[in-house]
Every structure is written in structure tokens, then in C-alpha cells.
Amino acid sequence: MIVYDLVCTAAHRFEAWFGSSADYDSQQNRGLLECPLCGCGDVGKAVMAPAVPAKSNQQGSRHNVALAEPAEQLLMLQRAFEASSDYVGDRFAAEARAIHAAGESRSVHGEASADDVKALRDEGVPLMPLPFRPRASSDA
């Protein structure tokens, strides 16, 4: 597996995992990559710094900082997503169907059963699981 930092033309930076660099090239050439924040399909590799481990004789808080960064990044992603999406709770399946049927380009998030998710996919409604638990707007 290989991980790349990708960036879209709106300057949204995000991480993506690929089986190999050839997998990335293939998906990029077929237009399968898009920004998870804005849906832009014009994405490319961002400049990345190599992951250089600390010397074994230098212990300290650097390890804790490294662990905190992914959590902070996920929280930032969650906040950005929630700011640009409407929370619809357990009405997710009905809302997603209505948006798809109307041809709208509106982002919603909420909860759905496994059966609802399968039915939505079978109907061609685009959806994806979130890497975090959605918060209702009153929880923010």
C-alpha cells in the first residue's frame, strides 16, 4: 500500500491510499479521483515530506504529537464536511433518493440501515460511509 497526499484545485488537501503507484496513475488517468470535500475531479499529488523516524536516543513528546495529528486532521475534515452538508438523521435514505431523483447536487449526511444502503447502491444513488460518526446540528 502507498499513501499520497492529494490536493484539488480548490486547495483542499486530503489523503488517499492505493495498492501501488501504478494504481494511482490508473485511477488518475481514468478520472476516478475526486475531492471528498467539494467533489472536484481535478486533483493531483500534493508536495509531501518524507516520514523520517526520530532517533532512538531522542525520546519525548514527538511521538504524542504524531499520534494527535491524524485525529486533528480527521476532526478538521469532519467539521468542514458538516459545514457543507445537511444532517438529516434517520431520513437519510429518503433524502438521498429525493436528491438523486431531482438531479440535485446537495450533500446530506445521516444514518441508514445496511438494507437501506444496499438498496440505495442498487438504485445508483451515490453515497459513501463517513470516517466519523455524524453529529446532529444541535450537537455542534
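Structure: see above.
This report concerns the structure included in the present document. (Residues numbered from 1 in each chain as written. Predicted model: local features only at pLDDT ≥ 70, side-chain atom pairs only at ≥ 80, totals over all residues. Heavy atoms only, no water.)

What you tend to see is this: most non-glycine residues have negative phi, and most peptide bonds are trans. The phi dihedral of alanine 11 falls on the positive side, at around 70°, and the residue is not glycine. Within the secondary structure, alanine 11 is located in the loop between β1 (2–8) and β2 (13–18). (Helix = DSSP H or I, 4+ residues; strand = E, 2+ residues; numbered from the N terminus.)

With that settled, the discussion passes to the side chain of histidine 109. Mapped onto the elements of the fold, histidine 109 is located in strand β5 (residues 108–110). By relative accessible area, histidine 109 is classed as buried at 3%. Side chain to side chain, histidine 109 and serine 85 meet in a polar contact 2.9 Å long. (Buried < 20%, exposed > 50% of the residue type's maximum accessible area, 1.4 Å probe, protein only. Polar contact = N/O pair within 3.5 Å; in protein donor to acceptor, adjacent residues only side chain to side chain.)

Among the structural elements, tyrosine 24 can be located in helix α1 (residues 21–29). Placed 20 residues apart in sequence, tyrosine 24 and glycine 44 show a C-alpha to C-alpha distance of 9.9 Å.

Now for the nonpolar core. Tyr4, Leu6, Cys8, Phe14, Ala16, Phe18, Tyr24, Leu33, Cys35, Cys40 and Val43 form the largest nonpolar core, which has eleven residues in total. Sequence-distant contacts of alanine 16, that is, excluding residues within four places in its chain, are made with Ile2, Val3, Tyr4 and Leu6. Among the nonpolar cores identified, the runner-up in size contains eight residues, and Val88, Ile99, Val108 and Val125 belong to it. (Core = buried A, V, L, I, M, F, W, Y, C linked by side-chain atoms within 4.5 Å. Contact = heavy atoms within 4.5 Å.)

Looking at the secondary structure, you find glycine 19 in the loop between β2 and α1. Residue classification places glycine 19 among the partly exposed positions, given a relative accessible area of 44%. Note: C-alpha distance between glycine 19 and valine 3 (16 residues apart in sequence) is 8.8 Å.

Tracing the chain through its elements places serine 85 in the loop between α2 (62–83) and β4 (86–89). Within the structure, serine 85 has its side chain in polar contact with the backbone nitrogen of valine 108 (distance 3.5 Å). In this view, serine 85 contacts Ser107, Val108 and His109; residues no more than four positions away in its chain are not counted.

Moving on to the pattern of salt bridges. Going through the model one piece at a time under the given rule, you end up with seven salt bridges. Here glutamate 123 and arginine 97 are joined by a salt bridge, their closest N and O atoms 2.8 Å apart. Taken together, the positions of glutamate 123 in the segment after α4 (114–122) and arginine 97 in helix α3 (residues 92–102) put the pair 26 residues apart, joining distant regions of the chain. The residue lysine 118 makes a salt bridge to aspartate 122 at a minimum N-O spacing of 3.0 Å. (Salt bridge = Lys/Arg side-chain N within 4 Å of Asp/Glu carboxyl O.)

Bridge count for β1 against β2 is six bridges, and the pairing is antiparallel. By the bridge assignment, leucine 6 is partnered in β2 with phenylalanine 14. The pairing of β1 with strand β3 (residues 43–45) spans three bridges and is antiparallel. When the bridges of β3 are listed, leucine 6 appears paired with lysine 45. (Pairing = 2+ DSSP bridges.)

Such coordinate-based values are descriptive only and should not be taken to indicate function.
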